[in-house]
Amino acid sequence: MGIIGDAFFKLFGVIWDVIVWIGSLIKLLFQGLVDILIAFFQVIYQLIEGVLYLIYMIGVLAVKFFLVLFEALKVLWSLIVGFARSLGSIAYTPRSGAGHGYSSMLGELFEYASIFQLNSFAVILSFGIWFGTAVAAIKLISSIRVGGD
């Protein structure tokens, strides 16, 4: 090759090395910029994910809260219905027979049991039972609000 060919070979080799070095530098800078952008958007996505999860959990909490209130109201309604049915069943009034003979027998039984005057005793016992049940239900419902024992 000669001196001039060797000089041009070395010159273009140096120029090529500079071009490769500048290319790798641009590649590193571009990769760093892409990494920074990816990290930034990951933080943004994680913040959005956290806010959406918070909203979801608030919804779950609200549903569970309303379910607890609904169940407490069902207990209170059952207490009221049971108390009304108990008050309605204090006095027995015999009805026409249903064809099996037990109604007439129960009617006679209550007719003979009126001698002992158990009606007032039954009313007092029924009131005591329902008063105790009402106190227990009120304790149960109030413990839901406080956290309960």
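These figures come from a predicted structure and were not determined experimentally.

Can you help me understand the pattern of salt bridges in this one?
Working definition: two side chains of opposite charge can pair if their charged atoms are close together. Counted under the stated rule, the structure contains 2 salt bridges. Put simply, D6 and K10 hold a salt bridge, and the shortest N to O gap is 3.8 Å. Of this pair, D6 and K10 both sit in helix 1 (residues 3–88), 4 residues apart, which is roughly one turn of that helix. Residue classification places D6 among the partly exposed residues on the basis of a relative accessible area of 33%. Assessed through its relative accessible area of 54%, K10 is described here as exposed. Here E71 and K74 are joined by a salt bridge, their closest N and O atoms 3.6 Å apart. Here K74 and E71 lie together in helix 1, a separation of 3 residues that amounts to about one turn. Note on K74: relative accessible area 40%, which makes it partly exposed.

What am I meant to see in the packing of aromatic side chains here?
Aromatic rings in a pair are described by how distant their centres are and how their planes are angled relative to each other. For the structure shown, the criterion picks out 5 aromatic pairs. Ring geometry for Y53 and Y56: centres 6.3 Å apart, planes at 35°, overall tilted. Taken together, the residues span about one helical turn, with Y53 and Y56 both in helix 1 at a distance of 3 residues. Note on Y53: relative accessible area 52%, which makes it exposed. By the ring-pair criterion, three or more aromatic residues cluster together here, those being F40, F41 and Y45.

What counts as what
Residues numbered from 1 in each chain as written. Predicted model: local features only at pLDDT ≥ 70, side-chain atom pairs only at ≥ 80, totals over all residues. Heavy atoms only, no water. Salt bridge = Lys/Arg side-chain N within 4 Å of Asp/Glu carboxyl O. Helix = DSSP H or I, 4+ residues; strand = E, 2+ residues; numbered from the N terminus. Buried < 20%, exposed > 50% of the residue type's maximum accessible area, 1.4 Å probe, protein only. Phe/Tyr/Trp six-rings, centres within 6.5 Å; stacked < 30°, edge-to-face > 60°.

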